[in-house]
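Below are the chains, spelled out letter by letter.
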Amino acid sequence: MKIPLGEVRGRIDHLAADMARRRLFVAELGNDSMAVIDVDTWVVAHRIQCLREPQGVAYAPGADIVLVANARDGTIERFRGADLAPLGPTSLDAAADNLRPDPAGGGVVWVGHGGAGHGAPGGGGGLTALDAASGRPAGASIPLAAHPESFQLEAGGPRAFVNIPGAGGAIAVLDRAARRHVATWSVPGLGANFPMALDESRGRLFVAFREPAALAVLDLKDGSVLGRLPLSGDADDLFLDAHRCRLYAVCGEGAVDVFEDQPAPETPGSGRGPAPSPHRIARVPTAVGARTGLFVPELDRLFVAARAGPHGPAAIWVFQPDPPP
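Residues numbered from 1 in each chain as written. Predicted model: local features only at pLDDT ≥ 70, side-chain atom pairs only at ≥ 80, totals over all residues. Heavy atoms only, no water.

Thoughts on the sheet that holds strand 27 (residues 301–306)
Then step 1. As summarised here, the arrangement of the 4 strands in space is 1-28-27-26, forming an open sheet in which the pairing is antiparallel. The sheet is open, and its two edges are formed by strand 1 (2–4) and strand 26 (292–296), each paired on a single side. Averaged over all neighbouring strand pairs, the angle between strand axes comes to 20 degrees, with direction disregarded.
Then step 2. One ladder, built from 5 bridges, connects strand 27 with strand 28 (residues 315–319); its direction is antiparallel. (Pairing = 2+ DSSP bridges. Helix = DSSP H or I, 4+ residues; strand = E, 2+ residues; numbered from the N terminus. Axes fitted to C-alpha atoms, helices over the stretch in contact; angles between N-to-C directions.)

Some details on the sheet that holds strand 5 (residues 43–48)
Then step 1. One open sheet accounts for 4 strands, arranged 2-3-4-5; its pairing is antiparallel. With partners counted over all chains shown, the strands left at the sheet margins are strand 2 (15–18) and strand 5, one partner each. Adjacent strand axes in the sheet meet at a mean angle of 25 degrees when their direction is disregarded.
Then step 2. With 5 bridges connecting them, strand 4 (residues 33–38) and strand 5 associate as antiparallel partners. In the sheet register, A35 faces strand 5, and the bridge partner there is R47.

Focus: the pattern of salt bridges
Then step 1. Counting across every chain of the model gives 24 salt bridges.
Then step 2. Between D18 and R23 there is a salt bridge whose closest N-O contact spans 2.8 Å.
Then step 3. R23 gets classed as buried once you look at its relative accessible area, which sits at 11%.
Then step 4. Between R72 and D32 there is a salt bridge, with the nearest N and O atoms lying 3.1 Å from each other. Residue R72 is located in the loop between strand 7 (65–70) and strand 8 (75–80), and its partner D32 is located in the loop between strand 3 (23–28) and strand 4; the two are separated by 40 residues in the primary sequence.
Then step 5. What makes R72 partly exposed here is its relative accessible area of 45%.
Then step 6. Because the salt bridges share partners, they merge into one network encompassing D18, R21, R23 and D64. (Salt bridge = Lys/Arg side-chain N within 4 Å of Asp/Glu carboxyl O. Buried < 20%, exposed > 50% of the residue type's maximum accessible area, 1.4 Å probe, protein only.)

Concerning unusual backbone geometry
Then step 1. The omega torsion of the bond from E211 to P212 falls at -15 degrees, within 30 degrees of zero and hence cis.
Then step 2. Its identity is not glycine, yet W42 carries a phi of approximately 60 degrees, on the positive side.
Then step 3. Mapping W42 onto the fold places it in the loop between strand 4 and strand 5.
Then step 4. Residue R179 is not a glycine yet carries a positive backbone phi of 55 degrees.
Then step 5. Relative to the elements of secondary structure, R179 occurs in the loop between strand 16 (170–175) and strand 17 (180–185).

Structural notes on the pairing of strand 22 (residues 235–241)
Then step 1. Among the 7 residues that make up strand 22, 6 are buried, leaving the element largely enclosed by the rest of the structure.
Then step 2. Pairing of strand 22 with strand 23 (residues 246–251) involves 6 bridges; the strand directions are antiparallel. Residue pairing across strands places F239 opposite Y248, the latter belonging to strand 23.
Then step 3. Linking two consecutive strands that pair antiparallel, namely strand 22 and strand 23, is a turn of 4 residues; a positive phi of about 55 degrees is found at C245 within it.

Considering the layout of surface pockets
Then step 1. There is about 1,200 Å³ of room inside the largest pocket.
Then step 2. Of all the elements in the fold, those that place two or more residues in the lining of the largest pocket are strand 2, strand 6 (54–60), strand 10 (99–101), strand 14 (151–153), strand 18 (191–199), strand 22 and strand 26.
Then step 3. Residues that form the lining of the largest pocket fall into these classes: 27 nonpolar, 10 polar and 6 charged. (1 Å grid on protein atoms, 1.4 Å probe; cavity = no way out; pocket = protein on both sides within 12 Å on 5 of 7 lines; lining within 4 Å. Points joined across faces, edges and corners; volume = space filled by probe spheres on them. Nonpolar A, V, L, I, M, F, W, Y, C, P; charged D, E, K, R; others polar.)

Some points on the environment of R301
Then step 1. Position of R301 among the secondary structure elements: in strand 27.
Then step 2. Considering only alpha carbons, one finds R301 and G157, 144 residues apart in sequence, at a separation of 29 Å.
Then step 3. Ignoring any residue separated from it by four or fewer positions in sequence, one finds R301 in contact with L294, F295, V296, V318, F319, Q320 and P321. (Contact = heavy atoms within 4.5 Å.)

So, the nonpolar core
Then step 1. Counting 31 residues, the largest nonpolar core has L5, L15, L24, F303 and I316 as its most contacted members.
Then step 2. Counting only elements with at least two residues in this core, the list comes to strand 3, strand 4, strand 23, strand 24 (255–260), strand 26, strand 27 and strand 28.
Then step 3. Grouped together as the second largest cluster of nonpolar side chains are 15 residues, V173, L205, V207 and A216 included. (Core = buried A, V, L, I, M, F, W, Y, C linked by side-chain atoms within 4.5 Å.)

Digging into the packing of aromatic side chains
Then step 1. One pass over the structure, following the stated rule, counts 3 aromatic pairs.
Then step 2. Directly above the aromatic system of F151 lies the positively charged group of R100, at a separation of 5.4 Å from the ring centroid.
Then step 3. Sitting over the ring of F194, R210 keeps its end group 3.6 Å from the ring centre. (Phe/Tyr/Trp six-rings, centres within 6.5 Å; stacked < 30°, edge-to-face > 60°. Lys NZ or Arg CZ within 6 Å of the ring centre and 35° of its normal.)

Given below as structure tokens:
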């Protein structure tokens, strides 16, 4: 199924969901707008205009606030959840990008910002916690070597894991509570790391690289590389489907790569638990340039954003995964 976005030009970036009101938010970067989709009727119910290259979007349920990160001027716009009334901007610096609500709640949303953006070198970046209700920073920013791309936040600990492609493909490990850098991980021979997914329950971090295209599996204890897998090109979003033990990599080459991540049988007498054994089980065709999306477990749907092109007008493509085994 496809949800038409109408006359939307240019690149489409990240998505977020508000399941209490059954809405999907779409950052239409090239159109300077954000679409609001009703997931019961599958239509665009509202569109917020006059944004400035919106990249990241997040919904903070505790505060009932929608936040949008603008790349052009580094501001974070806030909108009231009930009626999407504007609440005013927070100014950070250039290239505000990904947004993540803190798993501890409290209405805190983390923002990746600074640097040149899009993985290019051009000055340092940072990770900043914002109080969604007030828009004010909740503590000091954590400095980074370059612009941060995707990052993930531990629920059972204070760490944040941050992709920094502009720093030679580094993965920064931060302590959110102490506001400090604690380690730098990397995968030899791989660079341009943009999306990542966290499997906290099984102690692993999945990182997708573009140069060359590969999916790396890292141990959360020390960043050691547990595996490297082939991947379609230009990945920009990566999601864990914990119910099915699967990963979905949204790749701008024109495909969603599906990896099955069932544990291997335990070796008798080893005294150790099952070892992870991810492998690609499908390559689902999409459209060239469709490299962002969102997996929403509550809807059991994967949404993929396709910009206008030879395949047709701009739309959100909706996929329902196969039933779990």
